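Here is how the chains run, residue by residue.
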Amino acid sequence: MKVRSLSKFLLLLALALMAVGAANAKDAKKAPEYPNAKREQPQNDLRSEREQRMLQAGFNALNSKDDAKATGDLNKILKDSSSKYAKAMALRGLAQIQMNAGNIKAAIPLLQQALDLNSLSNDDYFDTMLTIAQIQAQDEQWQPALTTLQKWMTEGGKRSGAAYALEGNIYYRLNQYQNAIGAMKQALALKPDAPDSWNQLLMASYFGLNDYSQAAKLEEAVVAKNPDDKAAVKNLVSVYIQAKEPDKALKVMAAAKARGLYTSNDDYINLAKMYLYIAQNQDNPKPNALQAAAVVQEGLSKKIVTPSLEAYKLLGDADYVAGEQDKAMAAWTKASPYAKDGDMDFMRAQLLIQDQKFTAGRSLMQTALKRGVKRVGAAWALIGNADLALKDRKAATAAFEKAAQDPETRAAAEKVLKQLRGGKK
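Colleague: What is the right way to look at the pattern of salt bridges in this model?
Modeller: For side chains bearing opposite charge, pairing can occur when the charged atoms are close. In total, this model carries 22 salt bridges according to the counting rule given. Note that Asp139 and Lys105 form a salt bridge whose closest N and O atoms lie 2.6 Å from each other. Of this pair, Asp139 sits in the loop between α6 (122-138) and α7 (142-156) while Lys105 sits in helix α5 (residues 104-116), and the two are 34 residues apart along the sequence. Shared partners join several salt bridges into a network, and the residues in it are Lys257, Glu298 and Lys302.

Right, here's the structure in full:
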């Protein structure tokens, strides 16, 4: 099971954290975001009013999306200012400009330089560190992202559902599914109203461990809460199929159709296939096979199912398993024009020969061979059987000689040829 990419989400988070501006430095009354930080917060060494104005001007330009002016102002601070705080803030602003332009790789060293100056307040310092982790994850630098994030957790002393979700995503990408599960449980515990993507990531982690029962419990809860969420229904069906519980999958699919959720060609085809799959593994296949045929017929009549090789073959297969051979023949006949080879004709010819309609079956099988079939030897063997039934030993011999050239039918064909030749090879 795949999870959706978090790259856009991570970039938005990073930009939100970066867009603090110089105004944050003036907000002395603001409660600290990292009250349990292990780092000793440095004193702000920005004393020059002129440099304060330059820094504010740079961020004003940045917030006004005037990246050219912002770049000039912030680079001037890097060059001329004696304040480490001013330089660190300028580096953060330049990093945001790079992210605005989509140059995320270029943003990382700028942010790291801002950290290395060790002059930012704890709030800015640890927000910057978290931003680096997010950008590294967006750039699929999974191990560096994990190292940065865990340093943020340890030194910043902050518990955040979003941070644990990021950690879970990183562990998942590193195929460390058990660790991903632990992180996602922490994330969900801290944020009960978490987005669906968090539950999807937890479920995908269980998939990674082949723990389908736990994955099913998660998705069952989602479907129970949102029974008309078609994506959730589809995920639950997928879980049951992976868990080799087709009966449960069918129950969910049938209920979804009854609620009006199934409205597409694929919906109907997949439901019919599930009915037929279960029928083929039952001692009494007829009821579910008939259900499969009924779903296809309904879809065709409502013009939801598109007439196609897949649709008509599925209909014919379902009718055949249900013992409705005439209906199967009719459906396969409709399927034949859509086929690029003669395999549908092979199936029809085989059915005719089994029904002792030897002349028609033999003729149709020759048509199938001309169009091309996967089982060439089997086709010739069936023609040979039809010839024998029609008492044409010469034609039968020629047919079985061709069947003997195919490894699949060689042994059986040679046995028949031996009998036709009076015991002589």
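Colleague: Looking at this model, I keep getting lost on the packing of helix α12 (residues 230-242) against helix α13 (residues 246-258). Mind explaining?
Modeller: Packed helix pairs are specified by the crossing angle of their axes together with the interaxial distance, meaning the distance between the axes. Across the interface, α12 lies against α13 with an axial gap of 7 Å and an inter-helix angle of 160°. Our classification of the angle between α12 and α13 gives roughly antiparallel. Judged by the twist between their axes, the crossing of α12 over α13 is left-handed. Only Pro246, Lys248, Ala249, Val252, Met253 and Ala256 of α13 make contact with α12, whose side of the interface consists of Val233, Leu236, Val237, Tyr240 and Ile241. When its residues are assigned to classes, the contact of α12 with α13 shows 10 nonpolar, no polar and 1 charged.

Colleague: What should I look at first to understand the nonpolar core in this one?
Modeller: Nonpolar side chains tend toward joint burial in soluble globular proteins. Grouped together as the largest cluster of nonpolar side chains are 125 residues, with contacts concentrated most on Leu149 and Trp152. No other element matches helix α4 (residues 84-100), which puts 10 residues into this core. The residues touching Trp152, leaving out its near neighbours within four places in the chain, are Tyr34, Phe126, Met129, Leu130, Gly157, Lys158, Ser160 and Ala163. Counting residues in hydrophobic clusters, the runner-up holds 7 residues, among them Ala381, Phe400, Leu417 and Leu420.

Each value, and the rule that gives it
Residues numbered from 1 in each chain as written. Predicted model: local features only at pLDDT ≥ 70, side-chain atom pairs only at ≥ 80, totals over all residues. Heavy atoms only, no water. Salt bridge = Lys/Arg side-chain N within 4 Å of Asp/Glu carboxyl O. Helix = DSSP H or I, 4+ residues; strand = E, 2+ residues; numbered from the N terminus. Axes fitted to C-alpha atoms, helices over the stretch in contact; angles between N-to-C directions. Parallel < 35°, antiparallel > 145°, perpendicular 65-115°, else oblique. Left-handed = near helix turned anticlockwise from the far one by under 90°. Contact = heavy atoms within 4.5 Å. Nonpolar A, V, L, I, M, F, W, Y, C, P; charged D, E, K, R; others polar. Core = buried A, V, L, I, M, F, W, Y, C linked by side-chain atoms within 4.5 Å. Buried < 20%, exposed > 50% of the residue type's maximum accessible area, 1.4 Å probe, protein only.

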